[in-house]
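# Secondary and tertiary structure notes
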Amino acid sequence: MSEASARRIKVTVRAVQILESLDVDKTGEFVFRSRVSSHNLDGSPREGRYPAEGHMKISEDPVYNRVILNWEIFQGEVTDHLVIELTGEEEDRLSGNDFLTSYQREFRGPVADWLGTYGPGKDTGAAHDDDPEMMSDWRVTLFIDPA
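Heads up: these notes are all about the structure in this document. (Residues numbered from 1 in each chain as written. Predicted model: local features only at pLDDT ≥ 70, side-chain atom pairs only at ≥ 80, totals over all residues. Heavy atoms only, no water.)

### Some words on the layout of surface pockets
The computed volume of the largest pocket comes to approximately 190 Å³. Forming the boundary of the largest pocket are Asp23, Val24, Asp25, Glu29, His55, Glu90, Glu91, Asp92, Arg93 and Leu94. A class-by-class count of the residues in the lining of the largest pocket yields 2 nonpolar, 1 polar and 7 charged. (1 Å grid on protein atoms, 1.4 Å probe; cavity = no way out; pocket = protein on both sides within 12 Å on 5 of 7 lines; lining within 4 Å. Points joined across faces, edges and corners; volume = space filled by probe spheres on them. Nonpolar A, V, L, I, M, F, W, Y, C, P; charged D, E, K, R; others polar.)

### Considerations on the nonpolar core
Residues Phe32, Leu82, Ile84, Leu86 and Trp138 are the most contacted members of the largest nonpolar core, which totals 31 residues. Those elements that provide at least two residues to this core are strand E1 (7–18), strand E2 (27–37), strand E4 (56–59), strand E5 (66–78), strand E6 (81–91), strand E8 (103–108) and strand E10 (138–146). The element contributing the most residues to this core is E5, with 6 residues. Filtering out sequence-adjacent residues up to four positions away, Leu86 remains in contact with Val13, Arg33, Ser34, Trp71, Ile73, Ser102, Tyr103, Trp138, Val140 and Leu142. (Core = buried A, V, L, I, M, F, W, Y, C linked by side-chain atoms within 4.5 Å. Buried < 20%, exposed > 50% of the residue type's maximum accessible area, 1.4 Å probe, protein only. Helix = DSSP H or I, 4+ residues; strand = E, 2+ residues; numbered from the N terminus. Contact = heavy atoms within 4.5 Å.)

### What about the sheet that holds E10?
Taken in spatial order, the 4 strands line up as E5-E1-E10-E9 in an open sheet, and their pairing is antiparallel. Pairing within the sheet leaves two strands with one partner each, and these edge strands are E5 and strand E9 (116–118). Ignoring strand direction, the axes of neighbouring strands in this sheet form an average angle of 20°. Strand direction decides the pairing type here: E1 and E10, joined by 9 bridges, are antiparallel. Paired with Val16 across the two strands is Val140, which belongs to E10. (Pairing = 2+ DSSP bridges. Axes fitted to C-alpha atoms, helices over the stretch in contact; angles between N-to-C directions.)

### A look at the pattern of salt bridges
Inspection of every chain in the model, using the stated rule, returns 7 salt bridges. For Glu85, the salt bridge identified is with Arg35, shortest N-O distance 3.2 Å. Placement of Glu85 in strand E6 and of Arg35 in strand E2 is noted, with a sequence separation of 50 residues between them. Arg35 sits in the partly exposed class, given a relative accessible area of 32%. Residue Glu133 pairs with Arg105 through a salt bridge whose shortest N-O separation is 2.8 Å. Within this pair, whereas Glu133 is found in the loop between E9 and E10, its partner Arg105 is found in strand E8, the two being separated by 28 residues in sequence. Arg105 matches Glu133 in its accessibility class, with the two residues each being buried. Salt bridges sharing common partners tie together Arg35, Glu47 and Glu85. (Salt bridge = Lys/Arg side-chain N within 4 Å of Asp/Glu carboxyl O.)

Now the structure itself:
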């Protein structure tokens, strides 16, 4: 594709929801990492960490298990390809850290078709097993917007 068809976008992790804290007291100390790559970029993925330092406590209790992050993980120009990968890790001082199921979603085609919200149940007609934002132990909601 020509550079004239490149479009500037922003990808934001709006929220995460922890279904399984992986910790005895049902509240985990979590760190999230992002990796955004594309055939259209200069060959180096954009990587990030949330929070930038330390960790955040998240309970698996349904009243407290959804946290709004508004974490911008990418802003740049792409033409027809984008891969978003997210990992979550529950830090544990007494034993090894526990890892949440990895998230990955790949976009191909016109960038205008990608714009919108991606979250649990947002894929029209997608079965639970086919919804990438609905992992077995956590959920994620993303926004892809023009930048």
